[in-house]
Amino acid sequence: MVLQARAKKNAGACLVLGAAGILLLTTAPALRAEPRPTYTLYGTPGLIDMPTAQSAEDSEFGVNVSTFKGQVRNTLTFQITPRLSGSFRYSTIDNFTATGERLWDRSFDLRYRFLDETEYRPAMAIGLQDFVGTGVYSGEYLVATKSFGDRLTVTAGIGWGRLGSYNSFGSPFGPRPSSTPTTGGQANFGSWFRGPAAFFGGLSYEVNDKLTFKAEYSSDAYTRETTVGLPEDRLDRRSPINFGINYRYKPGIDIAASFVHGSEVAIGVNFSMNPRKPYRRGTTGAAPFAVKPRPSRQAEPEQWNQTWAENSEIRTALESATVSAFESDGLDLVALELSGTVARVQFRNLGYDALPQAIGHASRLLTALMPASIEVFKLEPVVQGIVPTTTTIRRSDVEALENAPNNSQLSFDRAKIAPGGSIAAETAPYVFPRLSWRISPDVATSFFDPDVPIRADLAILAEAKYDIAPGWSVTGAIRQTLIGNIDGGPSSNSVLQHVRTDANIYAQASGPVIARLTADYFFKPSETLYGHLSAGYFEQMFGGVSAELLWKPVNSRLALGAELSYVGQRDFDQRLGFQDYKVATGHVSAYYEFGNGFHGQVDVGRYLAGDVGATISLDREFKNGWRVGAFATKTNVSATDFGEGSFDKGIRLDIPLTWVLGKPTRREITTLLRPITRDGGARLNINNRLYEQVREYHQPTLENKWGRFWR
Amino acid sequence: MKLFAFFTSAIVATVIAGCSGTTSPNADADETLIVSLYKSSFEAIRTGRPEPVDPYKVFTRELIDSSEVPVILAGLESRESYGTLFKGLQNRGIVTWRTEDNITLSFDRGVVVSSRGLGDDLMVADVRNAVSGIARASGTGVRIHDYLDGEDQIVRHSLNCSYRSTGYEKISIFSIVYNLKHVVEDCETPGYSIQNDYWVEPASGKFRQSRQWLGPDVDYVFLQHLTR
């Protein structure tokens, strides 16, 4: 059953995956024994409409746009593990209702390849198409694919649901419960593999490394498209045989053209990329300063006998020289404490996405700056005025390993990583207090409104941060929208407090608005505890007071946190005022690094609408900083009260800009995609929560990125 | 569509705004005439945009002799670009040479052990066997190259190399003629094979000229030691 989808604003995205057009990045050609899989019109690896048991390369990302006869399917597919792939699709079908109206639909797919292909056995997979949602494309399948030689693959399978609608041979698992109109968005467990089943199959033939020919027998009768809707615009399905060709324009860009249903031409474009394989390897940033070996004792005895350490003029001069040298190399010196043999250096990493690269640069600079008697460098990167870890490196090791074989591993083995202490009593001049600011363009987006599927606002964002003292800061941003159409979005029909669904009204505010303005205090009560107190306007819709505590030892996979906030909903004009609605919201959280590239998070607590429940997130994280994940929240709000979608869920993507540009930078592209944004399961958006800030200073991130130490 | 137009340009603007993070160390090489003549070529070496400047039309022996710091002419064949390397710091016998725009090559007795600023840089190489193999101009040895993969992890390539001499050649470098021994290093590893060439000055063992393979993406660099 189908719902006329009226979507709501998707809050929180800052750059859209539609930038895939700009991220025209390629994968390295895979060394495959079997022919390379191509993508279907559904944006999944397979034939034309029918799936196969093939998987894309592990961690491959596909963005697919395909169209035929009034249908447009936009699909994001991610190979989550070598066997499991997931897809999110936003599609439109014209002439869907009896009166010829267009449907906009969101769907999720999963496929699991449970058997690998061997010499005599085909690969086999099981799949769920559109398993969470209104069910327009719903179908399940069991499929086998065998390759013969390195060009030909043959596929055969059994489909249920939509994939069992043509020429079915019976219902092996009983009847399919008819889905009654509901709020949608829920997995229809009771329907899976029920109802009529039918065979499907096909073959693909790789003519050369650019051209693949595909033919299939489709078990999808397109019942609705051929029988409902205005008669003159219905799909005319004359044949279950579909033919297609796939043209590989470049590695990572495929164009498909097919003749489907005996009556229609289908066109599709697929962009694929792989976080593990950037288009440009390495970075073209400036070479680091070279190590400067120390003068011998005979040549410069004053540097060796440590008496320089008692001369305050020398110490001041050393500090100034270090400030300048660090500044020219993307680092910001916070404090320098010198004894005769140890230099304790606290600094902020401004320029490098990989913290070990900042540590490596600092180490080399110190070999040139520090008098010869200094043998030990204690490097303490600082974030928000606190020191999560101390990395201790011997100067002799830096000198010996600069161009030595295996220097990456050896430098890691010899470095000692320990919990950090506190900011030194005497900081470098001009570090506190200090004002920093930036003005930049900003894009906000809103998707899935059937009237205007992509809404966007372009704005100017002026951000500033005033660091008052170690841990104390005031930070804010003012936003002025220049042009956009998010304010034209539909009004909310939610029965809950409109904690998130009045985005269109917020977007109507004219003039500059306070995007955020908070006073923050970050502190580190012990080696494993971090704290954050904050007051002010946290985000577009809420402001108040918040307190957060995080327990995270340097080497632990597990971290635990607790956050409690008391906030009020802000006035629509987003200046200083509040509406009457106030709520106490908070969560306890557990974060866990599984160690194989997967990261999990569970948050339990009370959400902005006063509902109580839990959020589960699972992300695949790559050592270069890419993150792809999904989350879902279930609270005590009923599906009916929640509204369309039934419960909050979404996918998120983080792409480090260094990966895109090949130059060192700390910026990243962050995208959050919710098929629908409602008021249940809504969490306060605080942009400087502790875990994300502290993680990169701890293990395993330090070890994961240590390869960049000598870069 | 208007919406898509400003939308795309907004993304482009935001992405560009995000790439203001690069900083570069102060170049401490002297601003000699050679340097100022070559700024455009340095840019080409770094970004790979072909800048077909012919160094033989710009350099002269007088210009080279006037430089206070030793100079190496470097050319990246696959990127069709040239640059000038100036001698910099030396640490434990390894010398680092730097261009005006902060690309470096580090050498162990003339053999490249690392590069920085070329993109897919040679992170470090174990060339001890190569150095002795070239000096002998015979025998075999193993070379090890470390690179960073797409996930910033070190990948190691192990190359089996053999060394031989093809005799003496007269090479002219900006009006000075040298009689150099041409040594060839043939290396093989599963997946590819390469050939490095060295033109050695017999008296000093110095490489007056060489053609060395830096990596799968950067390919070969051609080096000429210009200073007398």
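## With respect to the overall build of chain B
Okay, so step 1: When helices and strands are tallied, chain B shows six helices and 12 strands.
Okay, so step 2: Nonlocal contacts in chain B, meaning residues at least 24 apart in sequence, comprise 43% of its contacts between residues at least 6 apart.

## Observations regarding the overall build of chain A
Okay, so step 1: Across its full length, chain A carries 11 helices and 30 strands.
Okay, so step 2: For 711 residues, the compact-globule estimate of 2.2 N^0.38 gives 27 Å, and the C-alpha radius of gyration of chain A, at 29 Å, lies within 12% of that figure.
Okay, so step 3: Among the 711 residues that make up chain A, the fraction classed as buried is 58%.
Okay, so step 4: Put simply, of all contacts in chain A between residues at least 6 apart along the chain, 60% involve residues at least 24 apart.
Okay, so step 5: Charge centroids of chain A, computed over 74 positive and 72 negative side chains, lie 3 Å from each other.

## Considering the packing of aromatic side chains
All names here are of chain A.
Okay, so step 1: Inspection of every chain in the model, using the stated rule, returns 31 aromatic pairs over all chains.
Okay, so step 2: Plain terms: the ring middles of Phe88 and Phe108 are 5.1 Å apart, the flat faces sit at 45° to each other, and that makes the pair tilted. Within this pair, whereas Phe88 is found in strand β3 (residues 84–93), its partner Phe108 is found in strand β4 (residues 103–115), the two being separated by 20 residues in sequence. Here Phe88 matches Phe108 in class, with each residue buried.
Okay, so step 3: Where Tyr537 meets Phe578, the ring centres are 5.5 Å apart and the plane angle is 15°; that geometry is what we call stacked.

## Some thoughts on the confidence of the model for chain A
Okay, so step 1: Summarising the model, chain A shows a mean pLDDT of 90, and 94% of its residues fall at 70 or more.
Okay, so step 2: Counted against residues more than four places away or in other chains, residues 1–32 of chain A, with its pLDDT under 50, gives 105 contacts.

## Comments concerning the nonpolar core
Residue and element names in this part refer to chain A.
Okay, so step 1: Counting residues in hydrophobic clusters, the biggest one holds 54 residues, and the most contacted among them are Phe326, Val345, Phe347, Met370 and Leu379.
Okay, so step 2: When contributions to this core are tallied by element, the ones reaching two or more residues are α3 (312–327), β13 (331–338), β14 (342–349), α4 (355–369), β15 (376–381), α5 (395–401) and α10 (690–695).
Okay, so step 3: No other element matches the seven residues that α4 contributes to this core.
Okay, so step 4: Every residue in contact with Leu379, bar those within four places of it in the chain, is listed here: Val345, Phe347, Ile359, Ala362, Ser363, Leu366, Thr389, Thr390, Thr391 and Ile393.

## Quick word on the pairing of strand β2 (residues 71–79) of chain A
Residue and element names in this part refer to chain A.
Okay, so step 1: Most of β2 sits out of view: seven of its nine residues are buried.
Okay, so step 2: Pairing analysis gives eight bridges linking strand β1 (residues 61–68) to β2, with the strands arranged antiparallel. The residue of β2 that forms the bridge with Phe61 is Phe78.
Okay, so step 3: Counted along the chain from β1 to the antiparallel partner β2, the turn is two residues long, and its residue Lys69 has a positive phi close to 35°.
Okay, so step 4: Judged from the nine bridges that link them, β2 and β3 form a sheet pairing that is antiparallel. Counted as the bridge partner of Thr77 is Ser87 from β3.

## Let's talk about the side chain of Asp603 of chain A
All names here are of chain A.
Okay, so step 1: Locating Asp603 in the fold gives a position in strand β26 (residues 598–606).
Okay, so step 2: At a separation of 2.6 Å, a polar atom in the side chain of Asp603 contacts the side chain of Ser589.
Okay, so step 3: Only 3.3 Å separates the side chain of Asp603 from the side chain of Arg683, close enough to count as a polar contact.
Okay, so step 4: Leaving out residues up to four positions away in the same chain, Asp603 has contacts with His587, Val588, Ser589, Gly613, Ala614, Thr615 and Arg683.

## Some details on the packing of α3 of chain A against α4 of chain A
All names here are of chain A.
Okay, so step 1: Axis separation between α3 and α4 bottoms out at 11 Å; the angle between their running directions is 140°. The two elements α3 and α4 meet at a crossing, and its hand is right-handed. Judged by residue contacts, Leu318, Ala321, Thr322, Ala325 and Phe326 of α3 engage Ala362, Leu365, Leu366 and Leu369 from α4.
Okay, so step 2: Here the contact of α3 with α4 is composed, by residue class, of eight nonpolar, one polar and no charged.

## Looking at helix α6 (residues 407–414) of chain A
Okay, so step 1: Among all positions in α6 of chain A, only Asn407, Ser408, Ser411 and Phe412 of chain A are buried. Considered in projection along α6 of chain A, the buried side chains sweep an arc of 130° and stay on one side of the axis.

## As for the sheet that holds strand β16 (residues 389–394) of chain A
Residue and element names in this part refer to chain A.
Okay, so step 1: Read across the open sheet, the five strands follow the order β13-β14-β15-β16-β17; overall the sheet is mixed. Every other strand in the sheet has two partners, leaving β13 and β17 (416–419) as the edge strands with one partner each. Across this sheet, the average inter-strand angle for adjacent strands is 25°, counted without regard to direction.
Okay, so step 2: Contacts from α4 reach β13, β14, β15 and β16 within the one sheet, and its direction differs from that of β15 by about 140°.

## Let's talk about the state of the cysteines
All names here are of chain B.
Okay, so step 1: Scanning the model with the defined rule gives one disulfide over all chains in all.
Okay, so step 2: Two residues share a disulfide in this structure: Cys161 and Cys187, whose sulfurs sit 2.1 Å from each other. Between Cys161 and Cys187 the disulfide shows an S-S torsion of about 110°. By sign, it is right-handed. Placement of the pair is Cys161 in strand β8 (residues 154–173) and Cys187 in strand β9 (residues 176–189), with a sequence separation of 26 residues. The same class applies to Cys161 and to Cys187, which are both buried.

## Some words on the side chain of His261 of chain A
Okay, so step 1: Its place among the elements puts His261 of chain A in the loop between β11 (253–260) and β12 (264–273).
Okay, so step 2: Once residues lying within four places of it in the same chain are set aside, the contact partners of His261 of chain A are Asp49, Phe68, Tyr222, Leu235, Asp236, Arg237, Arg238, Ser239, Ile241 and Asn242 of chain A.

## Quick look at unusual backbone geometry
Okay, so step 1: With omega at -5°, the peptide bond leading from Phe432 of chain A into Pro433 of chain A counts as cis.
Okay, so step 2: Turning to its location among the elements, Pro433 of chain A is positioned in the loop between β17 and β18 (434–447).
Okay, so step 3: Backbone torsion omega between Gln699 of chain A and Pro700 of chain A reads -5°, so that peptide bond is classified as cis.
Okay, so step 4: You can see Pro700 of chain A is positioned in the loop between α10 and α11 (701–704).
Okay, so step 5: The backbone of Tyr430 of chain A shows a phi angle near 70°, a positive value even though the residue is not glycine.
Okay, so step 6: In this fold, Tyr430 of chain A is placed in the loop between β17 and β18.
Okay, so step 7: Residue classification places Tyr430 of chain A among the exposed positions, given a relative accessible area of 72%.
Okay, so step 8: You will see that Asp219 of chain B, though not glycine, has its phi angle at about 70°, which is positive.
Okay, so step 9: Considering the arrangement of structural elements, one finds Asp219 of chain B in strand β12 (residues 219–225).

## Section: the sheet that holds strand β5 (residues 123–129) of chain A
Okay, so step 1: Taken in spatial order, the 12 strands line up as β1-β2-β3-β4-β5-β6-β7-β8-β9-β10-β11-β12 (chain A) and close into a barrel, and their pairing is antiparallel. With direction set aside, neighbouring strand axes in the sheet form an average angle of 20°.

## Points about the environment of Tyr166 of chain A
Residue and element names in this part refer to chain A.
Okay, so step 1: Positionally, Tyr166 belongs in the loop between β7 (152–161) and β8 (197–206).
Okay, so step 2: Note on Tyr166: relative accessible area 27%, which makes it partly exposed.
Okay, so step 3: Excluding its chain neighbours within four sequence positions, the residues that come into contact with Tyr166 are Ala198, Tyr217, Ser218, Ser219, Asp220, Ala221, Arg237 and Pro240.

## Focus: the pattern of salt bridges
Okay, so step 1: This structure, assessed with the given rule, holds 57 salt bridges over all chains.
Okay, so step 2: Between Arg666 of chain A and Glu696 of chain A there is a salt bridge whose closest N-O contact spans 2.7 Å. Of this pair, Arg666 of chain A sits in the loop between α9 (657–661) and β30 (668–673) while Glu696 of chain A sits in the loop between α10 and α11, placing them 30 residues apart in sequence.
Okay, so step 3: Each of the salt bridges in this network shares a partner with another, and the network as a whole consists of Arg294, Glu375, Arg394, Arg395 and Glu399 of chain A together with Arg92 of chain B.

## Let's talk about the environment of Ala464 of chain A
All names here are of chain A.
Okay, so step 1: Residue position: Ala464 is located in strand β19 (residues 454–469).
Okay, so step 2: On the basis of relative accessible area, Ala464 is assigned to the partly exposed category, the value being 29%.
Okay, so step 3: Here Ala464 is in contact with Leu435, Ser436, Trp437, Val474, Thr475 and Gly476, once residues within four sequence places are set aside.

## Quick look at the pairing of strand β27 (residues 612–621) of chain A
All names here are of chain A.
Okay, so step 1: With nine bridges connecting them, β26 and β27 associate as antiparallel partners. Counted as the bridge partner of Gln601 is Ser617 from β27.
Okay, so step 2: Connecting the antiparallel pair β26 and β27 is a turn made up of five residues, with Gly610 showing a positive phi of about 90°.
Okay, so step 3: Of the strand pairs in this sheet, β27 and strand β28 (residues 627–635) are connected by nine bridges, and their pairing is antiparallel. Residue pairing across strands places Ile616 opposite Ala632, the latter belonging to β28.
Okay, so step 4: In textbook terms, the turn of a hairpin is the stretch between consecutive antiparallel strands, and for β27 and β28 this stretch comprises five residues, one of which, Gly625, has a positive phi near 105°.

Rules and cut-offs
Every chain begins its residue count from 1, and numbering advances along the sequence as written. For naming, the first written chain is A and the first written ligand is 1, with later ones following in the order written. Predicted model: local features are reported for residues with pLDDT of at least 70 only, side-chain atom pairs are reported and counted for 80 or more only, and whole-chain, interface and lining totals are derived from all residues. Excluding hydrogens and water, the side-chain values take into account all heavy atoms of the structure. Strands are runs of DSSP state E lasting at least two residues, helices are runs of H or I lasting at least four, and both sets are numbered from the N terminus onward. Should any heavy atoms of two residues lie within 4.5 Å, those residues are counted as being in contact. Note that the radius of gyration is over C-alpha atoms, with the globule rule given as 2.2 Å times the number of residues to the power 0.38. Summary of the burial criterion: residues with accessible area below 20% of their type's maximum are buried, those above 50% are exposed, and those between are partly exposed, where the area comes from a 1.4 Å probe applied to protein chains only. Charge convention: Lys and Arg are scored as positive, Asp and Glu as negative, and His as well as the terminal groups of each chain are ignored. Think of each charge as sitting on NZ of Lys, CZ of Arg, CG of Asp or CD of Glu. Whether two aromatic rings pair depends on their centres lying within 6.5 Å, for rings of Phe, Tyr and Trp, where Trp uses its six-membered ring; planes under 30 degrees apart make the pair stacked, over 60 edge-to-face, and the rest tilted. The predictor attaches a confidence to each residue, and that confidence, scored 0 to 100, is pLDDT. The definition of a nonpolar core used throughout is a set of buried Ala, Val, Leu, Ile, Met, Phe, Trp, Tyr and Cys residues joined through side-chain atoms within 4.5 Å. Strand pairing requires that DSSP identify at least two bridges connecting the strands. Think of a polar contact as two N or O atoms within 3.5 Å of one another; within protein, one of them needs to be a possible hydrogen donor and the other a possible acceptor, and neighboring residues in sequence only count if both atoms come from side chains. Here an angle of 0 to 180 degrees is reported between the N-to-C directions of two axes, which are lines fitted to C-alpha atoms, with helices fitted over the stretch in contact. Left-handed describes a crossing whose near helix is turned anticlockwise from the far helix through less than a right angle; right-handed describes the clockwise counterpart. Note on residue categories: nonpolar means Ala, Val, Leu, Ile, Met, Phe, Trp, Tyr, Cys or Pro, charged means Asp, Glu, Lys or Arg, and polar means any other residue, Gly included. Here, the arc refers to the directions that run from the helix axis to the C-beta atoms. Counting rule for disulfides: a pair of cysteine sulfur atoms within 2.5 Å. A carboxyl oxygen of Asp or Glu within 4 Å of a side-chain nitrogen of Lys or Arg is what we treat as a salt bridge.

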